[in-house]
Amino acid sequence: MKVHVEIDCTPEEARAFLGLPDVSKANAVYVDTVTKAMKGVTSPDQLQDIAKSIAPMGQMGLKMFQNFVEGSMAAGSALTPKSKGKTD
């Protein structure tokens, strides 16, 4: 026998139903701290130092953040149009 149940609810409703805590205030503080820390970052070394100080999961979190930044930079450079003598 197979039973399929579909529940249509918001993430907040799902958290409340499952009894999970509301971490939106803690998340807002964390995002605000990261945003303030990122202002004025001009080099990858500064970014790495900041990431080490605020990384929630230590070295593993830093590695994930580093992979995210490197992936974003690679994706950004792939999207940048490169015209080498081509004319349309």
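Use the structure listed above.
The notes below deal with the structure included here.

## Here's the deal with the overall build of the protein
In terms of helices and strands, the protein carries four helices and zero strands. Reading the protein from its N end, one meets helices and strands in the order α-α-α-α. Per-residue burial over the protein gives 7% buried out of 88 residues. Just so you have it, the protein exposes about 8,000 Å², and 61% of that area is on carbon and sulfur atoms.

## Some details on the pattern of salt bridges
For the structure shown, the criterion picks out two salt bridges. Among the ionic pairs, Arg15 bridges to Glu12, the shortest N-O distance being 3.7 Å. In this pair, Arg15 and Glu12 are both assigned in helix α1 (residues 11-18), three residues apart and thus about one turn of the helix distant. Residue Lys36 pairs with Asp32 through a salt bridge whose shortest N-O separation is 3.3 Å. Linking Lys36 with Asp32, this pair stays in helix α2 (residues 24-38), spanning four residues, or about one helical turn. Looking at Asp32, the relative accessible area reads 37%, which means it is partly exposed.

## As for α2
For α2, built from 15 residues, the straight-helix expectation of 21 Å at 1.5 Å per residue is met to within 8% by its first-to-last C-alpha distance of 21 Å. The positive-phi residue at the C-terminal boundary of α2 is Gly40, with phi of around 90°.

## What about a nonpolar patch on the surface?
There is a patch of nonpolar side chains on the surface, built from Met1, Val3, Val5 and Ile7 and spanning about 580 Å² of accessible area. With respect to the helices and strands, Ile7 occurs in the segment before α1. Relative accessible area serves as the criterion here: at 65%, Ile7 is assigned to the exposed category.

What counts, and at which threshold
Residues numbered from 1 in each chain as written. Predicted model: local features only at pLDDT ≥ 70, side-chain atom pairs only at ≥ 80, totals over all residues. Heavy atoms only, no water. Helix = DSSP H or I, 4+ residues; strand = E, 2+ residues; numbered from the N terminus. Buried < 20%, exposed > 50% of the residue type's maximum accessible area, 1.4 Å probe, protein only. Areas by Shrake-Rupley, 256 points an atom, 1.4 Å probe, with all protein chains shown as cover. Salt bridge = Lys/Arg side-chain N within 4 Å of Asp/Glu carboxyl O. Expected span 1.5 Å × (residues − 1). Patch = residues over 30% accessible without salt bridge, like charges linked within 9 Å, V, L, I, M, F, W, Y side chains within 5 Å.

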